[in-house]
Amino acid sequence: MINLGMSYGDIVRFEGDIKSMTSQLLKLKNVKISGTIKFGENTEEDDNWEPMGPTPMPKIPTLRHWDFKLLDRYPPFYMPICDLCCLCTFGKCDLSKGKKGACGLNIKAQQGRIVLIACCIGAACHTGHSRHLVHHLIETLGRDYPINLSNEIEVEAPIARTVTGIRPKTLGDLEKILDYCEEQITHLLSAAHTGQEGDYLDFESKALHAGMIDDLAREAGDIAQIVAYNMPKGNEDAPLIELGFGCIDKNKPVILCIGHNVVPGSYILEYLEENNLEDEIEVCGICCTAIDITRVSEKPKIVGPLSRQLMFVRCGVADVVVIDEQCIRTDILEEVLKTGAVLIATNEKMCLGLEDISHLSEDEIISYLIRNRAGLILDEEKVGKVAVEVAKLVAKERKNRKTLPDLNEVIELAKQCTECGWCNRNCPNAFNVKEAMVLAKHGNFEGFIDLYKKCYGCGRCETICERNLPIVSMTTKVGEAYYKDLKFRMRAGRGPIKDVEIRSVGAPIVFGDIPGVVAFVGCSNHPNGEEEVALMAKEFLERKYIVVATGCAAMAIGMWKDKDGKTLYEKYPGEFRAGGLVNCGSCLSNCHITGAAIKIANIFAKVPLRGNYAEVADYILNKVGAVGVAWGAMSQKAAAIATGVNRWGIPVIVGPHGAKYRRLYLSNGEKFKVKDKTTGEIVEIDPVPEHLIVTAENYKECICMIPKLCMRPNDTPKGRANKIYHYVDLYEKYFGRMPPDLEKFVRTEKDIPFMMKDKIMNYLEEKGWKPFEKYPKNPTIL
Amino acid sequence: MAHAEITTPTLVKMMIKRSKKPILILGENLSKDEMELIDKFIEKYNLKVIKTPEEMNLMAIMKFLANSNYDLALFTGITYYYLAQAVTHLKQFSNIVTVSIDKYYQPNTLYSFPNLSNDEYIDYLKKLLEG
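Residues numbered from 1 in each chain as written. Chains lettered and ligands numbered in written order. Predicted model: local features only at pLDDT ≥ 70, side-chain atom pairs only at ≥ 80, totals over all residues.

Focus on the overall build of chain B
Of regular secondary structure, chain B possesses six helices and six strands. Along the chain direction, N to C, the helices and strands of chain B fall in the order β-α-β-α-β-α-β-α-α-β-β-α. A compact globule built from 131 residues should have a C-alpha radius of gyration of about 14 Å, and chain B, at 13 Å, falls within 12% of that. With the principal axes as the frame, chain B shows a C-alpha extent of 35 × 30 × 25 Å. Of the contacts formed within chain B by residues at least 6 apart in sequence, a portion of 69% connects residues at least 24 apart. (Helix = DSSP H or I, 4+ residues; strand = E, 2+ residues; numbered from the N terminus. Rg over C-alpha atoms; globule rule 2.2 N^0.38 Å. Contact = placed C-beta atoms within 7 Å.)

With respect to the interface of chain A and chain B
It is common to give the size of an interface as the accessible area that goes away when the parts come together. Each partner contributes to the interface: chain A provides 23 residues, whereas chain B provides 19 residues. Elements supplying a minimum of two residues to the side of chain A that touches chain B: β1 (76-78), β17 (663-666) and β20 (691-695) of chain A. In terms of residue class, the side of chain A that touches chain B is made up of 14 nonpolar, four polar and five charged. (Nonpolar A, V, L, I, M, F, W, Y, C, P; charged D, E, K, R; others polar.)

As for the sheet that holds strand β6 (residues 111-112) of chain B
Residues and elements named next belong to chain B. One open sheet holds the six strands; their spatial order is β1-β6-β5-β4-β2-β3, and the pairing between them is parallel. Here the strands that pair on one side only, and so sit at the sheet edges, are β1 (5-6) and β3 (48-51). In the sheet, β1 pairs with β6 via two bridges, with the strands oriented parallel. Paired with I6 across the two strands is S112, which belongs to β6. (Pairing = 2+ DSSP bridges.)

Focus on the packing of helix α12 (residues 362-372) of chain A against helix α13 (residues 380-398) of chain A
All names here are of chain A. Interaxial distance between α12 and α13 falls to 9 Å at its minimum, and their mutual angle equals 40°. With respect to each other, α12 and α13 are oriented oblique. Seen from above, α12 lies across α13 with right-handed handedness. Between α12, through E362, I365, I366, L369 and I370, and α13, the contact on the second element is made entirely by K382, K385, V386, E389, V390 and L393. Its residues assigned to classes, the contact of α12 with α13 comprises seven nonpolar, no polar and four charged. (Axes fitted to C-alpha atoms, helices over the stretch in contact; angles between N-to-C directions. Parallel < 35°, antiparallel > 145°, perpendicular 65-115°, else oblique. Left-handed = near helix turned anticlockwise from the far one by under 90°.)

What to know about the sheet that holds strand β19 (residues 682-685) of chain A
Residue and element names in this part refer to chain A. Read across the sheet, three strands follow the order β19-β18-β21 without closing on themselves; strand pairing throughout is antiparallel. Looking along the sheet, the strands with just one partner apiece sit at the ends: β19 and β21 (779-780). Direction of pairing for strand β18 (residues 672-676) relative to β21: antiparallel, over a ladder of two bridges. The residue bridging D676 from the neighbouring strand is P779, located in β21.

Brief notes about the confidence of the model for chain B
Mean pLDDT for chain B: 97, with 99% of residues reaching 70 or above. The ipTM, which scores confidence in the relative placement of chains, is 0.97 for this predicted complex, and the corresponding pTM is 0.94. (pLDDT = per-residue confidence, 0-100.)

Overview of the pairing of β19 of chain A
Residue and element names in this part refer to chain A. Strand direction decides the pairing type here: β18 and β19, joined by four bridges, are antiparallel. Residue K673 lies in a different strand from β19, and its bridge partner there is E684. The hairpin turn running from β18 into β19, its antiparallel successor, is five residues long, and G680 in that turn takes a positive phi close to 80°.

Re helix α3 (residues 58-66) of chain B
Residues spaced three or four apart along an α-helix point in a common direction, a consequence of the helix completing one turn every 3.6 residues. Summarising burial for α3 of chain B: seven of the nine residues are buried, a large majority. Buried within α3 of chain B are the following residues: L58, M59, A60, I61, M62, K63 and L65 of chain B. (Buried ≥ 20, exposed ≤ 12 C-beta atoms within 10 Å, placed from the backbone.)

Re the domain arrangement of chain A
All names here are of chain A. When the domains of chain A are assigned, the result is domain 1 (51-234 + 487-668 + 691-706), domain 2 (245-398) and domain 3 (407-469). Distance from the C-alpha centre of domain 1 to the C-alpha centre of domain 2: 29 Å. Each side of the interface is counted separately: domain 1 has 26 residues, and domain 2 has 23 residues. For the side of domain 1 that touches domain 2, the elements supplying multiple residues, two or more each, are α4 (107-141) and α22 (551-557). The residue makeup of the side of domain 1 that touches domain 2, split by class, is 14 nonpolar, 10 polar and two charged. (Domains from an automatic or database assignment.)

Considering the pairing of strand β4 (residues 72-76) of chain B
Each regular strand displays side chains that alternate between the two surfaces of the sheet. Residue and element names in this part refer to chain B. The buried fraction of β4 is high, at five of five residues. Both faces of β4 are covered, namely the face carrying L72, L74 and T76 and the face carrying A73 and F75. Pairing between strand β2 (residues 22-26) and β4: five bridges, direction parallel. Looking across to β4, one finds that L26 is bridged to T76. Examined bridge by bridge, β4 and strand β5 (residues 97-100) share four bridges and lie parallel to one another. Paired with L72 across the two strands is V97, which belongs to β5.

Quick look at the nonpolar core
V320, V321 and F520 of chain A are the most contacted members of the largest nonpolar core, which totals 286 residues. Setting aside anything within four residues of it in sequence, one finds F520 of chain A in contact with V533, M536, A537, V547, A549, A553, I557, V629 and W631 of chain A. (Core = buried A, V, L, I, M, F, W, Y, C linked by C-beta atoms within 7 Å.)

Observations concerning the packing of helix α2 (residues 32-45) of chain B against helix α6 (residues 118-129) of chain B
All names here are of chain B. Closest axis-to-axis distance for the α2/α6 pair is 9 Å, and the angle between their directions is 20°. Between α2 and α6, the angle falls in the class roughly parallel. Considering how the two elements wind past one another, α2 and α6 form a crossing that is left-handed. Residues D33, E34, L37, I38, K40, F41 and K44 of α2 form the contact with α6, whose own contacting residues are Y121, I122, L125, K126, L128 and L129. Class assignment for the residues of the contact of α2 with α6 results in eight nonpolar, no polar and five charged.

Thoughts on the environment of M474 of chain A
Residue and element names in this part refer to chain A. Here M474 lies in helix α19 (residues 471-482). Exposure remark for M474: the 28 C-beta atoms within 10 Å place this residue in the buried category. Each C-alpha atom, one on M474 and one on I411, is 9.1 Å from the other, the two residues being 63 residues apart in sequence. Once residues within four sequence positions are removed from consideration, M474 is found in contact with P405, V410, L413 and F448.

Section: unusual backbone geometry
Residues and elements named next belong to chain A. Between G91 and the following residue, K92, the backbone shows a cis peptide bond with an omega angle of 10°. Position of K92 among the secondary structure elements: in the loop between β2 (84-85) and β3 (93-94). One non-glycine residue, Q326, adopts positive backbone phi at about 70°. Topologically, Q326 is positioned in the loop between β8 (320-323) and α11 (332-338). What makes Q326 buried here is the crowd of 25 C-beta atoms within 10 Å. A positive phi angle, near 55°, is found at L352, a position not held by glycine. Looking at the secondary structure, you find L352 in the loop between β9 (342-345) and α12. Since 16 C-beta atoms lie within 10 Å of it, L352 is described here as partly exposed.

Here it is in structure tokens:
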């Protein structure tokens, strides 16, 4: 039964089953209905904020045409790790040298399939994390809790607007976005089944789709946590947070949070505040949990990125370790118990075989943990009191407990080494572990000192050691003894880029006057320690690029100090402008980087966003000079993020370990063809950006590639000259020569920077360079 | 497919002499002494050389080689695990004969020197110059 009392022009909301509603109506006699009845959740007012574009809520095939244009210019380049496929019981099948598997698959398609699976895993991680956040926050704050990122950010969700056509106004609206994400991931993953997709380009298109879904899901999650926890909303003066082993006050009970999910940590902070214990308990974090809890409060400290996880746990400073999800060592239980600390698992993704004690009261849980030293608590609200009270108790009993060998013991352990060299071989970076041991036998710790700076504590050296030497512990001890100044600072994650910032820098970026936006993102599988990321950021800050950062890379940037003892975050402002260093936040916050590129298209160039993916991405590809650098990319999430960024038309450089993702997108380095929207002609242009995802062997190569990958067809002569200046200057600085492919990127003489005119002209003449006779005013690949 | 077969300086010299179009992909990670010997080796055999990353990105080199008519590619001085991954592209998608003449055994080239100490490697490079 539906009672309606309406007059003309009223907008009525009702919920109900559509069949029963219409049949009811049809049974009524003498009823006239005029006007429009819309069935759905949005009112007319909500729905008409912008005309809907051609591709809202794209399905797998919807943007395939866009993907195929990208893949035509940047074909997949495969480096298979394994010749085999062993996924089904017909196998294992040898796919080497053109052989087909039992299902008919070839090695290229198999690589595309693995890439798709990796991107789905990443997208599922972020979607699951965001769903958990949104679900939890709706339970605590309600579905109607508003999304308000302040007056300075009107385009609150550029990715959601573009991809789904939804402008989220409440937490409840984010559910619709996540419903779509989950649906797409199901379809995408199903395409990896035996006897599904058979074409490598279509696997890549699906991977690109998974990457886009990943980006969208991250935006939903980060927006939810920003509004619910009152995190910074684009504040350029977000507080500076203490970072590094040396910042952690060992005299207090220490709670260490590891993972990515802010919810348990937020309850710990809440309990401390309510009970005036903030100055008595030290809360610190590793990985993105650290970044996100320091966006909630500036009191916790950051130990460091993923690379410092095992070393910090081994040093035994933490009394309670709270884990949530993603990038946590899977042997964390064993490692924590060895130090006498207590482990609390808080997420269904990582249960570690522990007993679920969520149903017990907080006091019962505390008793259980004191006796059993580990437990699974899925009711995160209880974690607040439990973690704090257990830390207080455990700290007393663990006082002065030794968890690392003394330096004398390090020498005695080193003497047991037979110098077989397998530690070097098993080290992902082939570091000189054996050499460090040999020196340590004689009391010389130089090798370990050097190792400490670069090693990310994966423990593979220990795993292969026939003498079972605790190599990571030995390295950690030497580091503790010899590095006394491990105190750094990082600006708290500020979240989105403000619309007003985009208005200021949109034109200079698009025309090339700001030479580029460089985003340092991703994990910490660095070839040579965290410092390289900071030094790369420094190079481009000095050159007035805009530098943004997220996640483990944002922390790595903070782990270098100049001769005055200042980190880059203290030297450079947190504004999105030339020479600015912006920490957007955690892994989820990578969405604000693509969000900034989208906002440039919309706010500066008035490209409509709503359901208009391909046009926006085409704009970004041709006009927004940005490049991502995932120097230590390791995870499946990073693969999904990079692939999602690529679909938007933004190139990415990964470090040497990134080659193990098996797939790059490389052009042939020759001229590209585009259509000039102004004239309709197909025109040749220089190959910019040259590749969509490429590796660099070392940081010199990466630094020199960055200015090149920031070049775009839309650069004005002045803008291109600016970019070429940096390209040449950097090549001379790091390689002592002119860039060997410079002639490809000089369109006409006007592109040559004035101060290098003679040098470059002579070089171009030697190369037989000829200028472009025609160049498009408004390039597109659509 | 099997991993790389261990080879010797004598066999490498023979492979170069028998090849129609050999090329050396030269990385930066060699010591001064090793580089001097490699320079002489390049001169002796009049080898085409591409320096990486200075002249070209290693992946772009692999893409280029797979589509070229070079029939023998030698590698040295490149970050070990990086080359191991990059060269799988040639392993699967090209018929070019790949040889690592570095001091680390490279599993994914067709032929490779074994793991060598610094002194042993210098000896191997000197042997490449003999004859």
